[in-house]
Amino acid sequence: MVETIQWTPDGVVMIDQTKLPRQVVYVTCKSYEEVASAIVDMIVRGAPAIGVAAAMGVALGMQQADASRLDQEMERICARLAGTRPTAVNLFWAIDRMKRLYATLRGKPVEEIRAALAAEARLVKEEDIEINRAMGRHGAPLVPEGKTVLTHCNAGALATAGYGTALGVIRAAIEAGKKIDVFADETRPFLQGARLTAWELQQDGIPTTLITDNMAGYFMRQGRIGCVVVGADRIAANGDVANKVGTYSVAVLAKENGVPFYVAAPVSTLDLTLAHGDMIPIEQRASKEVTEVFGVPVAPEGIGVQNPAFDVTPSRYVTAIITERGVARAPFEESLRALAEQ
Ligand code: MRU
(Lines give C-alpha, C1' and ligand atoms only; values in the text may rest on other atoms or scores of the structure.)
Protein backbone atom coordinates (compact mmCIF):
# COMPACT_ATOMS: atom_id res chain seq x y z
CA MET A 1 0.00 0.00 0.00
CA VAL A 2 1.10 3.56 -0.67
CA GLU A 3 3.12 5.39 2.03
CA THR A 4 1.45 8.79 2.45
CA ILE A 5 3.79 10.23 5.05
CA GLN A 6 6.91 9.00 6.83
CA TRP A 7 9.23 10.20 9.56
CA THR A 8 12.81 9.66 8.34
CA PRO A 9 16.28 10.82 9.47
CA ASP A 10 16.25 13.27 6.52
CA GLY A 11 12.92 14.85 7.42
CA VAL A 12 9.21 14.24 6.87
CA VAL A 13 8.73 12.45 3.55
CA MET A 14 5.38 12.78 1.77
CA ILE A 15 4.01 11.50 -1.50
CA ASP A 16 3.26 14.64 -3.52
CA GLN A 17 -0.52 14.50 -3.94
CA THR A 18 -0.57 17.46 -6.30
CA LYS A 19 1.34 15.38 -8.87
CA LEU A 20 -0.63 12.14 -8.67
CA PRO A 21 -1.51 10.13 -10.65
CA ARG A 22 0.72 11.29 -13.51
CA GLN A 23 3.85 11.31 -11.39
CA VAL A 24 4.58 9.34 -8.24
CA VAL A 25 7.13 11.57 -6.51
CA TYR A 26 8.06 12.11 -2.89
CA VAL A 27 9.07 15.36 -1.23
CA THR A 28 11.18 15.65 1.89
CA CYS A 29 10.23 18.46 4.27
CA LYS A 30 13.38 19.40 6.13
CA SER A 31 11.82 21.97 8.49
CA TYR A 32 8.49 22.60 10.17
CA GLU A 33 7.99 25.56 7.80
CA GLU A 34 8.24 23.16 4.87
CA VAL A 35 5.70 20.85 6.53
CA ALA A 36 3.36 23.83 6.99
CA SER A 37 3.73 24.82 3.33
CA ALA A 38 3.10 21.22 2.24
CA ILE A 39 -0.21 21.27 4.14
CA VAL A 40 -1.24 24.64 2.64
CA ASP A 41 -0.26 23.53 -0.88
CA MET A 42 -2.08 20.17 -0.46
CA ILE A 43 1.03 18.08 -1.05
CA VAL A 44 -0.44 16.28 1.95
CA ARG A 45 -4.21 16.55 2.45
CA GLY A 46 -7.15 14.73 4.02
CA ALA A 47 -8.05 15.31 7.66
CA PRO A 48 -6.19 12.43 9.37
CA ALA A 49 -3.10 12.83 7.14
CA ILE A 50 -3.03 16.54 7.97
CA GLY A 51 -3.11 15.56 11.65
CA VAL A 52 -0.15 13.20 11.22
CA ALA A 53 1.74 15.87 9.23
CA ALA A 54 1.12 18.45 11.97
CA ALA A 55 2.37 16.09 14.69
CA MET A 56 5.48 15.34 12.64
CA GLY A 57 5.90 19.05 11.88
CA VAL A 58 5.89 19.88 15.60
CA ALA A 59 8.41 17.10 16.31
CA LEU A 60 10.64 18.18 13.43
CA GLY A 61 10.51 21.83 14.45
CA MET A 62 11.51 20.94 17.99
CA GLN A 63 14.49 18.88 16.76
CA GLN A 64 15.83 22.12 15.25
CA ALA A 65 14.56 24.58 17.87
CA ASP A 66 16.79 26.87 19.95
CA ALA A 67 17.38 24.76 23.07
CA SER A 68 17.68 27.86 25.27
CA ARG A 69 14.05 28.92 24.60
CA LEU A 70 12.11 25.73 23.95
CA ASP A 71 8.79 27.01 25.34
CA GLN A 72 8.67 29.96 22.95
CA GLU A 73 9.84 27.78 20.06
CA MET A 74 7.07 25.26 20.76
CA GLU A 75 4.49 28.08 20.76
CA ARG A 76 5.79 29.49 17.47
CA ILE A 77 5.92 26.11 15.72
CA CYS A 78 2.43 25.12 16.88
CA ALA A 79 0.98 28.51 15.89
CA ARG A 80 2.43 28.27 12.38
CA LEU A 81 1.12 24.73 11.83
CA ALA A 82 -2.30 25.62 13.29
CA GLY A 83 -2.57 28.46 10.76
CA THR A 84 -2.36 26.23 7.71
CA ARG A 85 -5.90 24.94 7.10
CA PRO A 86 -8.92 25.81 9.26
CA THR A 87 -11.55 23.11 8.69
CA ALA A 88 -10.05 19.68 9.45
CA VAL A 89 -10.12 19.47 13.25
CA ASN A 90 -7.57 16.63 13.23
CA LEU A 91 -4.92 19.31 12.66
CA PHE A 92 -5.75 21.00 15.97
CA TRP A 93 -6.29 17.67 17.72
CA ALA A 94 -2.75 16.56 16.76
CA ILE A 95 -1.16 19.86 17.76
CA ASP A 96 -2.96 19.75 21.14
CA ARG A 97 -1.75 16.21 21.67
CA MET A 98 1.85 17.28 21.04
CA LYS A 99 1.40 20.31 23.34
CA ARG A 100 0.02 18.13 26.13
CA LEU A 101 2.99 15.78 25.85
CA TYR A 102 5.43 18.69 25.81
CA ALA A 103 3.87 20.05 29.01
CA THR A 104 4.80 16.79 30.77
CA LEU A 105 8.39 16.97 29.45
CA ARG A 106 9.33 20.55 30.36
CA GLY A 107 12.54 20.73 32.36
CA LYS A 108 13.83 17.41 31.06
CA PRO A 109 17.07 17.24 29.01
CA VAL A 110 16.50 18.60 25.51
CA GLU A 111 17.52 15.36 23.79
CA GLU A 112 14.93 13.50 25.83
CA ILE A 113 12.23 16.01 24.88
CA ARG A 114 13.14 15.76 21.21
CA ALA A 115 13.13 11.97 21.24
CA ALA A 116 9.77 11.82 23.04
CA LEU A 117 8.13 14.25 20.60
CA ALA A 118 9.46 12.31 17.60
CA ALA A 119 8.21 9.04 19.10
CA GLU A 120 4.77 10.57 19.72
CA ALA A 121 4.50 11.80 16.13
CA ARG A 122 5.33 8.32 14.86
CA LEU A 123 2.73 6.91 17.24
CA VAL A 124 0.05 9.27 15.88
CA LYS A 125 0.75 7.76 12.46
CA GLU A 126 0.76 4.13 13.60
CA GLU A 127 -2.42 4.59 15.62
CA ASP A 128 -4.15 6.15 12.63
CA ILE A 129 -3.69 2.99 10.57
CA GLU A 130 -5.07 0.85 13.42
CA ILE A 131 -8.01 3.23 13.83
CA ASN A 132 -8.81 2.96 10.12
CA ARG A 133 -8.78 -0.84 10.26
CA ALA A 134 -11.14 -0.76 13.26
CA MET A 135 -13.43 1.62 11.37
CA GLY A 136 -13.36 -0.83 8.48
CA ARG A 137 -14.44 -3.67 10.77
CA HIS A 138 -17.39 -1.63 12.08
CA GLY A 139 -18.37 -0.29 8.66
CA ALA A 140 -18.02 -3.36 6.44
CA PRO A 141 -21.31 -4.99 7.58
CA LEU A 142 -23.20 -1.84 6.50
CA VAL A 143 -22.07 -2.11 2.88
CA PRO A 144 -24.71 -3.94 0.85
CA GLU A 145 -23.51 -7.10 -0.94
CA GLY A 146 -23.26 -6.99 -4.71
CA LYS A 147 -23.87 -3.25 -4.93
CA THR A 148 -22.02 -0.11 -5.97
CA VAL A 149 -20.62 2.25 -3.32
CA LEU A 150 -20.45 5.93 -4.22
CA THR A 151 -17.73 8.04 -2.62
CA HIS A 152 -16.82 11.72 -2.87
CA CYS A 153 -13.34 13.26 -2.65
CA ASN A 154 -10.53 11.03 -1.35
CA ALA A 155 -10.91 9.51 2.09
CA GLY A 156 -8.43 6.75 1.40
CA ALA A 157 -4.89 5.69 2.23
CA LEU A 158 -3.71 9.00 0.78
CA ALA A 159 -5.91 11.03 3.13
CA THR A 160 -4.72 9.13 6.20
CA ALA A 161 -1.61 7.33 7.41
CA GLY A 162 -2.87 4.30 5.45
CA TYR A 163 -5.94 2.17 4.56
CA GLY A 164 -8.35 5.10 4.69
CA THR A 165 -11.61 5.99 6.41
CA ALA A 166 -14.36 5.75 3.77
CA LEU A 167 -12.11 3.71 1.48
CA GLY A 168 -11.07 1.67 4.54
CA VAL A 169 -14.71 0.64 4.96
CA ILE A 170 -14.79 -0.33 1.28
CA ARG A 171 -11.49 -2.23 1.59
CA ALA A 172 -12.76 -4.06 4.68
CA ALA A 173 -16.02 -5.02 2.95
CA ILE A 174 -14.01 -6.49 0.07
CA GLU A 175 -11.64 -8.27 2.49
CA ALA A 176 -14.78 -9.73 4.14
CA GLY A 177 -15.67 -11.26 0.77
CA LYS A 178 -18.30 -8.80 -0.45
CA LYS A 179 -18.58 -8.35 -4.20
CA ILE A 180 -18.85 -4.60 -4.55
CA ASP A 181 -17.59 -1.91 -6.86
CA VAL A 182 -16.98 1.80 -6.41
CA PHE A 183 -18.21 4.92 -8.19
CA ALA A 184 -15.82 7.81 -7.50
CA ASP A 185 -17.02 11.40 -7.91
CA GLU A 186 -14.26 13.35 -9.66
CA THR A 187 -14.59 16.10 -6.98
CA ARG A 188 -14.16 19.49 -8.57
CA PRO A 189 -12.26 21.72 -8.29
CA PHE A 190 -9.20 19.91 -6.92
CA LEU A 191 -10.09 16.51 -8.48
CA GLN A 192 -9.25 14.39 -5.44
CA GLY A 193 -11.67 11.75 -6.76
CA ALA A 194 -10.33 11.62 -10.32
CA ARG A 195 -6.68 11.91 -9.38
CA LEU A 196 -6.40 10.20 -5.99
CA THR A 197 -9.37 7.89 -5.26
CA ALA A 198 -9.38 6.49 -8.79
CA TRP A 199 -5.60 5.95 -8.59
CA GLU A 200 -5.40 4.28 -5.21
CA LEU A 201 -8.39 1.98 -5.81
CA GLN A 202 -7.02 1.01 -9.20
CA GLN A 203 -3.64 0.23 -7.58
CA ASP A 204 -5.48 -2.17 -5.26
CA GLY A 205 -7.43 -3.77 -8.11
CA ILE A 206 -10.78 -2.59 -6.69
CA PRO A 207 -13.30 -2.18 -9.54
CA THR A 208 -13.80 1.56 -9.84
CA THR A 209 -15.75 3.82 -12.19
CA LEU A 210 -15.05 7.52 -12.36
CA ILE A 211 -18.01 9.89 -12.76
CA THR A 212 -18.26 13.67 -12.71
CA ASP A 213 -19.90 15.16 -9.63
CA ASN A 214 -23.06 16.10 -11.46
CA MET A 215 -23.71 12.49 -12.53
CA ALA A 216 -24.34 11.17 -9.01
CA GLY A 217 -28.10 11.91 -9.14
CA TYR A 218 -28.44 10.21 -12.51
CA PHE A 219 -27.00 6.94 -11.19
CA MET A 220 -28.88 7.08 -7.87
CA ARG A 221 -32.18 7.53 -9.70
CA GLN A 222 -31.35 4.48 -11.83
CA GLY A 223 -30.96 2.44 -8.63
CA ARG A 224 -27.27 1.86 -9.36
CA ILE A 225 -25.93 3.03 -5.98
CA GLY A 226 -26.26 0.73 -2.94
CA CYS A 227 -24.86 3.23 -0.45
CA VAL A 228 -22.69 6.33 -0.16
CA VAL A 229 -19.61 6.33 2.08
CA VAL A 230 -17.62 9.53 2.62
CA GLY A 231 -15.05 10.83 5.09
CA ALA A 232 -15.26 13.98 7.23
CA ASP A 233 -13.12 16.94 8.20
CA ARG A 234 -15.07 17.91 11.30
CA ILE A 235 -18.24 16.60 12.90
CA ALA A 236 -20.22 18.82 15.28
CA ALA A 237 -21.92 17.59 18.46
CA ASN A 238 -25.29 17.22 16.70
CA GLY A 239 -23.81 15.05 13.94
CA ASP A 240 -23.58 17.74 11.23
CA VAL A 241 -20.65 16.81 8.98
CA ALA A 242 -18.16 19.09 7.25
CA ASN A 243 -16.54 17.35 4.31
CA LYS A 244 -15.31 18.19 0.83
CA VAL A 245 -17.60 20.63 -0.98
CA GLY A 246 -20.27 18.71 -2.89
CA THR A 247 -20.85 16.20 -0.11
CA TYR A 248 -24.05 17.98 0.95
CA SER A 249 -25.51 17.68 -2.57
CA VAL A 250 -24.70 13.95 -2.62
CA ALA A 251 -26.35 13.49 0.80
CA VAL A 252 -29.55 15.26 -0.27
CA LEU A 253 -29.68 13.16 -3.44
CA ALA A 254 -29.11 10.02 -1.39
CA LYS A 255 -32.03 10.79 0.93
CA GLU A 256 -34.31 11.64 -2.00
CA ASN A 257 -33.44 8.28 -3.60
CA GLY A 258 -33.57 6.17 -0.44
CA VAL A 259 -29.82 5.43 -0.55
CA PRO A 260 -28.05 5.08 2.86
CA PHE A 261 -25.48 7.83 3.45
CA TYR A 262 -22.59 6.81 5.72
CA VAL A 263 -19.76 8.94 7.11
CA ALA A 264 -16.56 7.19 8.24
CA ALA A 265 -14.33 9.23 10.54
CA PRO A 266 -12.11 8.70 13.58
CA VAL A 267 -13.12 10.07 16.99
CA SER A 268 -10.39 12.71 16.49
CA THR A 269 -12.64 14.25 13.80
CA LEU A 270 -15.43 14.90 16.34
CA ASP A 271 -15.58 18.46 17.61
CA LEU A 272 -18.09 18.28 20.43
CA THR A 273 -17.26 21.86 21.42
CA LEU A 274 -19.37 22.98 18.45
CA ALA A 275 -23.12 22.51 18.90
CA HIS A 276 -23.87 22.39 15.17
CA GLY A 277 -22.24 22.44 11.77
CA ASP A 278 -22.81 26.13 11.00
CA MET A 279 -20.13 26.85 13.61
CA ILE A 280 -17.47 24.94 11.62
CA PRO A 281 -14.98 27.29 9.90
CA ILE A 282 -14.99 26.68 6.16
CA GLU A 283 -11.75 27.20 4.25
CA GLN A 284 -11.94 29.43 1.18
CA ARG A 285 -9.27 28.57 -1.37
CA ALA A 286 -7.70 30.42 -4.30
CA SER A 287 -9.95 31.33 -7.23
CA LYS A 288 -7.42 29.82 -9.64
CA GLU A 289 -8.48 26.33 -8.52
CA VAL A 290 -11.83 27.12 -10.17
CA THR A 291 -10.79 29.25 -13.15
CA GLU A 292 -7.91 27.01 -14.22
CA VAL A 293 -7.46 23.30 -14.81
CA PHE A 294 -3.80 22.34 -14.40
CA GLY A 295 -2.70 25.89 -15.15
CA VAL A 296 -4.91 26.23 -18.25
CA PRO A 297 -7.55 28.99 -17.92
CA VAL A 298 -11.09 27.68 -18.52
CA ALA A 299 -13.03 30.82 -17.54
CA PRO A 300 -12.94 34.43 -18.75
CA GLU A 301 -10.34 36.59 -17.06
CA GLY A 302 -11.70 38.76 -14.26
CA ILE A 303 -14.77 36.60 -13.53
CA GLY A 304 -15.95 36.56 -9.92
CA VAL A 305 -15.27 33.24 -8.16
CA GLN A 306 -16.28 31.49 -4.94
CA ASN A 307 -14.24 28.51 -3.79
CA PRO A 308 -15.34 27.07 -0.45
CA ALA A 309 -13.31 23.88 0.04
CA PHE A 310 -15.92 22.20 2.28
CA ASP A 311 -19.63 22.16 2.95
CA VAL A 312 -21.75 21.04 5.88
CA THR A 313 -24.22 18.16 5.60
CA PRO A 314 -26.95 18.45 8.25
CA SER A 315 -27.17 15.30 10.33
CA ARG A 316 -30.73 14.56 9.17
CA TYR A 317 -29.17 13.34 5.90
CA VAL A 318 -26.66 11.07 7.67
CA THR A 319 -27.73 7.45 8.12
CA ALA A 320 -24.83 6.61 10.44
CA ILE A 321 -21.35 7.76 11.45
CA ILE A 322 -18.77 4.96 11.51
CA THR A 323 -15.91 5.43 13.98
CA GLU A 324 -13.18 3.15 15.32
CA ARG A 325 -15.24 2.73 18.51
CA GLY A 326 -18.50 1.79 16.86
CA VAL A 327 -21.34 3.13 14.73
CA ALA A 328 -23.31 6.21 15.83
CA ARG A 329 -26.89 6.77 14.73
CA ALA A 330 -29.47 9.49 15.48
CA PRO A 331 -29.91 11.05 17.94
CA PHE A 332 -26.28 11.92 17.34
CA GLU A 333 -25.90 14.21 20.38
CA GLU A 334 -26.15 11.13 22.58
CA SER A 335 -24.51 8.52 20.36
CA LEU A 336 -21.45 10.65 19.50
CA ARG A 337 -20.94 11.75 23.09
CA ALA A 338 -21.10 8.14 24.25
CA LEU A 339 -18.43 7.15 21.70
CA ALA A 340 -16.23 10.13 22.62
CA GLU A 341 -16.43 9.27 26.33
CA GLN A 342 -15.56 5.57 25.86
O1 MRU B 1 -9.19 19.45 0.84
P2 MRU B 1 -8.86 18.04 1.22
O3 MRU B 1 -8.41 17.20 0.07
O4 MRU B 1 -7.92 17.96 2.39
O5 MRU B 1 -10.26 17.45 1.71
C6 MRU B 1 -10.34 16.11 2.10
C7 MRU B 1 -11.70 15.68 2.46
O8 MRU B 1 -12.65 16.42 2.43
C9 MRU B 1 -11.83 14.27 2.98
O10 MRU B 1 -13.06 13.71 2.62
C11 MRU B 1 -11.72 14.29 4.51
O12 MRU B 1 -10.58 14.98 4.92
C13 MRU B 1 -11.70 12.94 5.09
S14 MRU B 1 -10.19 12.12 4.71
C15 MRU B 1 -10.15 10.61 5.46
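Residues numbered from 1 in each chain as written. Predicted model: local features only at pLDDT ≥ 70, side-chain atom pairs only at ≥ 80, totals over all residues. Heavy atoms only, no water.

1. Topic: a nonpolar patch on the surface
On the surface, a nonpolar cluster with roughly 290 Å² of combined accessible area is contributed by V293, F294 and V298. On the secondary structure map, V298 appears in the loop between β13 (296-297) and β14 (310-313). (Patch = residues over 30% accessible without salt bridge, like charges linked within 9 Å, V, L, I, M, F, W, Y side chains within 5 Å. Areas by Shrake-Rupley, 256 points an atom, 1.4 Å probe, with all protein chains shown as cover. Salt bridge = Lys/Arg side-chain N within 4 Å of Asp/Glu carboxyl O. Helix = DSSP H or I, 4+ residues; strand = E, 2+ residues; numbered from the N terminus.)

2. Notes on the nonpolar core
Generally speaking, a soluble globular protein has its nonpolar side chains buried in company with each other. Core analysis: the largest hydrophobic core is formed by 42 residues, its most contacted members being M14, V35 and L117. Those elements that provide at least two residues to this core are β2 (11-15), α1 (32-40), α2 (47-64), α3 (70-82), α4 (89-105) and α5 (110-139). Element by element, the count of residues in this core is highest for α2, at 12 residues. Those residues in contact with M14 that sit more than four places away from it in its chain are T4, I5, V25, Y26, V27, C29, V35, A38, I43, V44 and A53. Counting 28 residues, the second-largest nonpolar core is a separate cluster that includes L150, V228, V241 and L339. (Core = buried A, V, L, I, M, F, W, Y, C linked by side-chain atoms within 4.5 Å. Buried < 20%, exposed > 50% of the residue type's maximum accessible area, 1.4 Å probe, protein only. Contact = heavy atoms within 4.5 Å.)

3. Here we look at the sheet that holds strand β16 (residues 326-328)
Pairing is mixed across the open sheet formed by 7 strands, whose spatial order is β6-β5-β4-β7-β10-β15-β16. Sheet topology places β6 (208-211) and β16 at the edges, where each strand pairs with a single neighbour. The mean inter-strand angle of the sheet, taken between neighbouring strand axes irrespective of direction, is 25°. Strand contacts of helix α7 (residues 192-203): β4 (148-151), β5 (181-185) and β6, with the helix running at about 160° to β5, the strand carrying the most contacts. Against the sheet, helix α11 (residues 332-341) makes contact with β15 (320-323) and β16, and its axis sits at roughly 155° relative to β16, the strand it touches most. (Pairing = 2+ DSSP bridges. Axes fitted to C-alpha atoms, helices over the stretch in contact; angles between N-to-C directions.)

4. What about the site of the ligand?
In the region of the ligand, 19 residues are neighbours, and R45, R85, D233, N243 and K244 sit closest. The separation between an oxygen atom of the ligand and a polar side-chain atom of R85 is 2.8 Å. Note that an oxygen atom of the ligand is positioned 2.8 Å from one of the side-chain N or O atoms of Q192. For the ligand, whose unbound accessible area comes to 420 Å², protein coverage reaches 100%. Secondary-structure elements contributing two or more residues to the shell around the ligand are α2 and β9 (241-244). When the residues that make up the shell around the ligand are grouped by side-chain class, the tally is 8 nonpolar, 7 polar and 4 charged. The residue makeup of the shell around the ligand includes at least three contributed by each of domain 1 (5-133) and domain 2 (138-340). (Near = heavy atom within 4 Å. Polar contact = N/O pair within 3.5 Å; in protein donor to acceptor, adjacent residues only side chain to side chain. Nonpolar A, V, L, I, M, F, W, Y, C, P; charged D, E, K, R; others polar. Domains from an automatic or database assignment.)

5. Some words on the sheet that holds β2
One open sheet holds the 3 strands; their spatial order is β1-β2-β3, and the pairing between them is antiparallel. Looking at strand neighbours, the two that pair on one side only are β1 (5-8) and β3 (26-29), the edges of this open sheet. Within the sheet, the average angular offset between the axes of one strand and its neighbour, ignoring direction, is 25°. Both β1 and β2 contribute to a ladder of 4 bridges, which runs antiparallel. Residue pairing for β2: Q6 is matched across the bridge by V13. Across the sheet, α2 lies against β1, β2 and β3, angled at about 20° from β1, the strand it touches most.

6. Regarding α3
The end-to-end C-alpha separation of α3 is 18 Å, in line with the 18 Å expected for 13 residues at 1.5 Å each. Among all positions of α3, only L70, E73, M74, I77, C78 and L81 are buried. Projected onto a plane normal to the axis of α3, the buried residues spread over an arc of 125° and lie on a single side. If you follow the buried residues of α3, they end up packed against α1, α2, α4 and α5. (Expected span 1.5 Å × (residues − 1). Arc of directions from axis to C-beta.)

7. With respect to the domain arrangement of the protein chain
When the domains of the protein chain are assigned, the result is domain 1 (5-133) and domain 2 (138-340). Between the C-alpha centres of domain 1 and domain 2 there is a distance of 25 Å. Counting from both sides, the interface comprises 29 residues of domain 1 and, opposite them, 33 residues of domain 2. Here domain 1 packs against domain 2, burying approximately 2,600 Å² in sum over the two surfaces, 58% of which is carbon and sulfur. Area buried by domain 1 at its contact with domain 2 is led by R45, T87 and N132, which between them contribute 23% of it. The interface formed by domain 1 and domain 2 contains 1 salt bridge. A salt bridge links E283 to R85, with the nearest nitrogen and oxygen atoms 2.9 Å apart. Between domain 1 and domain 2 we count 17 residue pairs in polar contact (both at pLDDT 80 or more) in total. (Buried area = accessible area lost by both parts, 1.4 Å probe.)

8. Digging into the pairing of β9
Judged from the 2 bridges that link them, strand β8 (residues 234-236) and β9 form a sheet pairing that is antiparallel. Across the sheet, I235 pairs through a bridge with V241, a residue of β9. Count of turn residues in the β8/β9 antiparallel hairpin: 4 residues, of which G239 carries a positive phi of about 90°. Note: β9 against β14, 4 bridges, orientation antiparallel.

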